[in-house]
Amino acid sequence: MTVWSEALMRHFTFDDETYDEVDCEVRISNKELVVTYHDDPGVVQWEGTEVEPGHFRLSRRGGGGTATLHRFDGRNELEGSWVEDGYTGMWCIELITKKTRGAAATEQPVED
C-alpha cells in the first residue's frame, strides 16, 4: 500500500462556483484508491477501484456521491470529476507533503 498522508486536494463546484483547498490522505493498494479528508461535520471518505491503469471510479462512503480520478504516467497528482448530493465539480489532488507544496520536490510516499 502506498500512502500520501499530507496530500492537497483542490476542488471546484460548478453549481455555486466555489473553490476550496483541503488537506487529505490518499491510499493506493491493489488497484484500490481511498481519499480521506475532514469536512463539516466530520470525516469524508471516497473509495474506488481502478477500471483501467491509472483510472479510478469512486463512491462516497455512506452514499450520496460518485467520482472519477485519473493519474497519468506516474505524475504526482490525481485529477477528475465528482457528483455529490446534487452538486457537480472537478478535483485535483497533489500527492505531495505540506513541506514541498509549490516546490519541485515530491513526497516519498509511505509503502506498507
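Residues numbered from 1 in each chain as written. Predicted model: local features only at pLDDT ≥ 70, side-chain atom pairs only at ≥ 80, totals over all residues. Heavy atoms only, no water.

*Asks:* Would you take a moment to explain the packing of aromatic side chains for this structure?
*Replies:* Both the distance between ring centres and the angle between the ring planes are used here to describe each pair of aromatic rings. Here the structure, examined in full by the defined rule, presents 2 aromatic pairs. On the basis of an interplanar angle of 75 degrees and a centroid distance of 5.5 Å, the ring pair of Phe12 and Phe14 is categorised as edge-to-face. We classify Phe12 as partly exposed; its relative accessible area is 30%. You can call Phe14 partly exposed: its relative accessible area is 42%. (Phe/Tyr/Trp six-rings, centres within 6.5 Å; stacked < 30°, edge-to-face > 60°. Buried < 20%, exposed > 50% of the residue type's maximum accessible area, 1.4 Å probe, protein only.)

*Asks:* Would you explain the pairing of strand 3 (residues 32-39) in this entry?
*Replies:* A regular strand carries its side chains on alternate faces of the sheet. Taken together, the 6 bridges between strand 2 (residues 18-29) and strand 3 define a ladder with antiparallel strand orientation. In the strand pairing of strand 3, Arg27 is matched with Val34. Following strand 2, the chain reverses through 2 residues before pairing antiparallel with strand 3; Asn30 in that reversal takes a positive phi of roughly 45 degrees. Counting the residues that bridge the hairpin from strand 3 to strand 4 (residues 42-52) gives 2 residues. (Pairing = 2+ DSSP bridges. Helix = DSSP H or I, 4+ residues; strand = E, 2+ residues; numbered from the N terminus.)

*Asks:* What should I look at first to understand the pattern of salt bridges in this one?
*Replies:* Pairing is possible between side chains of opposite charge, provided their charged atoms come close. For the structure shown, the criterion picks out 6 salt bridges. Salt-bridge contacts for Glu84 lead to Arg60; the nearest nitrogen and oxygen are separated by 1.8 Å. With Glu84 in strand 7 (residues 77-84) and Arg60 in strand 5 (residues 55-60), this residue pair connects regions lying 24 residues apart in the sequence. (Salt bridge = Lys/Arg side-chain N within 4 Å of Asp/Glu carboxyl O.)

*Asks:* Would you mind showing me how to read a nonpolar patch on the surface here?
*Replies:* There is a patch of nonpolar side chains on the surface, built from Phe12, Phe14, Tyr19 and Met90 and spanning about 390 Å² of accessible area. Note that Tyr19 resides in strand 2. (Patch = residues over 30% accessible without salt bridge, like charges linked within 9 Å, V, L, I, M, F, W, Y side chains within 5 Å. Areas by Shrake-Rupley, 256 points an atom, 1.4 Å probe, with all protein chains shown as cover.)

*Asks:* Would you mind showing me how to read the layout of surface pockets here?
*Replies:* One simple way to see leftover space: roll a probe sized like a water molecule over the atoms. Taken as a whole, the largest pocket holds about 390 Å³ of empty space. Looking at the lining of the largest pocket, the elements with two or more residues in it are strand 1 (2-13), strand 2, strand 3, strand 4, strand 7 and strand 8 (87-94). No other element matches the 4 residues that strand 4 contributes to the lining of the largest pocket. Grouping the amino acids of the lining of the largest pocket by side-chain chemistry returns 10 nonpolar, 5 polar and 7 charged. (1 Å grid on protein atoms, 1.4 Å probe; cavity = no way out; pocket = protein on both sides within 12 Å on 5 of 7 lines; lining within 4 Å. Points joined across faces, edges and corners; volume = space filled by probe spheres on them. Nonpolar A, V, L, I, M, F, W, Y, C, P; charged D, E, K, R; others polar.)

*Asks:* Quick question: what am I supposed to make of the side chain of Thr13 here?
*Replies:* Counting through the fold element by element, Thr13 comes out in strand 1. Non-local contacts of Thr13, meaning those with residues more than four positions away in its chain, are made with Thr18, Trp82, Tyr87, Thr88 and Gly89. (Contact = heavy atoms within 4.5 Å.)

*Asks:* Honestly, the nonpolar core in this entry has me stumped. Any pointers?
*Replies:* Soluble, globular proteins show a tendency: their nonpolar side chains are buried together. Val26, Val35, Trp91 and Ile93 are the most contacted members of the largest nonpolar core, which totals 21 residues. Mapped by element, the contributors of at least two residues to this core are strand 1, strand 2, strand 3, strand 4, strand 5, strand 6 (65-70), strand 7 and strand 8. At 4 residues, the largest contribution of residues to this core is made by strand 2. When near neighbours in sequence (up to four residues on either side) are disregarded, Ile93 contacts Ala7, Leu8, Met9, Cys24, Val26, Val35, Leu69, Asn76, Glu77 and Leu78. (Core = buried A, V, L, I, M, F, W, Y, C linked by side-chain atoms within 4.5 Å.)

*Asks:* Would you take a moment to explain the pairing of strand 6 for this structure?
*Replies:* Judged by which residues are buried, strand 6 turns out to be one-sided: Gly65, Ala67 and Leu69 face inward and are buried, whereas Thr66, Thr68 and His70, on the alternate face, are not. Strand direction decides the pairing type here: strand 5 and strand 6, joined by 5 bridges, are antiparallel. Bridged to His55 within strand 6 is His70. Counting the residues that bridge the hairpin from strand 5 to strand 6 gives 4 residues, and of these Gly62 lies at a positive phi of roughly 95 degrees. In this structure, the hairpin formed by strand 6 and strand 7 is closed by a connection of 6 residues, where Asp73 is found at a positive phi of approximately 45 degrees.

The analysis is restricted to geometry; functional conclusions fall outside its scope.
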